[in-house]
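A look at the structure
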Amino acid sequence: MPLATACVATARPARYVKQLVSHMGHKAAAALTPDGRGTITVASGTCTLTPTTDRLELTATAVDTESLTRVQDVITRHLVRFATQEELAVEWTSPIDGGELEPTAPVVSTYLLSHHTPADDILGELAVATREAAADAAPMQVSSDEGALLTMLTRLTAARFAVEVGVFTGYSTLCIARGLADGGRLLACDVSEEWAAIGRPYWERAGVADRIDLRIAPALETLRALDAEPVIDLAFIDADKANYPAYYEEIVRRLRPGGLVVLDNVFLGGSVLDPAYQQERHLAMRRLNDLIAADERVDSVMLPVRDGVTIARRR
């Protein structure tokens, strides 16, 4: 359970962040962002320092609890040393398992679902059909508010050519197809005809089936067969997480200027924040999240929507 936080009351939070980053930069990897947040990485883990008006918020992460304790001790010791004009109380929470984090608390989730343009009968019935057919796999379907977001983004970009990687039962497919400009086309990639077949009748009822080109094949093969020119207006990635970096690269190089790529599940249920999770999908998602943030080809934002949604716009 290698996550822990501390909230330190002080009238000088920004000053302490600068001091810690400056001092520890000689013996560890330390960085200060333009808005005053600091990140310090020592051999055993990392601590992020966020100044607010009247407190300093600390978040420490490491691969195991022993390493986490070392990170906490290092940061606490140096912070207290710099506090020559006040006495700081640095009290860390008990270790937290990242996989048990709630990115959206149930009460917030309920409120969000009640305050967006409601899904119509066709989307609602598809959601019910998915729950009945997929059982434990049903949460793979995007929520209605995320579906509304996809339709809105598709319309805002006036998308004529969209790509979806990961169809499942076709709820997000329908949401994107509805937002396409006249004559628009959606290339929908998946490996399961069985799941996609659930959505087909609903695409027909919504009058968008003729806009959807469903390709049942490994998505990388489908993407790599596309024209190398920047022809994609919008793309949505919601498939096997280990291949996200490859999907992103194939898509972003084909995005037109101003085009969007939207990626779902970038939190992985909170486990991506926890270095103790070291499976291939966790490593791939962390690598991709870092890559997108530093990718000079795009402007990006990560939103705490459901399980985390990143939107990147091609420059």
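Treat the numbers as computed from the prediction; the structure is a model and nothing was measured. (Residues numbered from 1 in each chain as written. Predicted model: local features only at pLDDT ≥ 70, side-chain atom pairs only at ≥ 80, totals over all residues. Heavy atoms only, no water.)

**Here's the deal with the environment of Ile311**
Turning to its location among the elements, Ile311 is positioned in strand β12 (residues 309-314). Distance in space between the C-alpha atoms of Ile311 and Glu204 is 29 Å, their sequence separation being 107 residues. Ile311 has contacts with Leu153, Leu260, Val261, Val262, Asp299, Ser300, Val301 and Leu303, leaving out every residue within four places of it along the chain. (Helix = DSSP H or I, 4+ residues; strand = E, 2+ residues; numbered from the N terminus. Contact = heavy atoms within 4.5 Å.)

**Thoughts on the pairing of strand β3 (residues 38-42)**
In β3, alternate side chains face the same way, and those of Gly38, Ile40 and Val42 are buried while those of Thr39 and Thr41 on the opposite face are not. Here four bridges tie strand β2 (residues 29-32) to β3, and the two strands are oriented antiparallel to one another. Its bridge partner lying in β3, Leu32 is registered against Gly38. With antiparallel pairing between neighbouring strands as the criterion, β2 and β3 make up a hairpin whose turn holds five residues, including Gly36 at a positive phi of roughly 95°. Across five bridges, β3 lies against strand β4 (residues 45-51) in antiparallel orientation. Paired with Gly38 across the two strands is Leu49, which belongs to β4. Turn length for the β3-β4 hairpin, with the two strands adjacent in sequence and antiparallel, is two residues. (Buried < 20%, exposed > 50% of the residue type's maximum accessible area, 1.4 Å probe, protein only. Pairing = 2+ DSSP bridges.)

**Thoughts on the sheet that holds β2**
Taken in spatial order, the five strands make up an open sheet running β1-β5-β4-β3-β2, and their pairing is antiparallel. Of all strands in the sheet, those with a lone pairing partner are β1 (3-9) and β2, marking the two edges. In this sheet, neighbouring strand axes are inclined to one another by 15° on average, regardless of whether the strands run parallel or antiparallel. In this fold helix α2 (residues 65-82) packs onto β1, β3, β4 and β5 (55-62), with an angle of close to 150° to the strand it touches most, β5. (Axes fitted to C-alpha atoms, helices over the stretch in contact; angles between N-to-C directions.)

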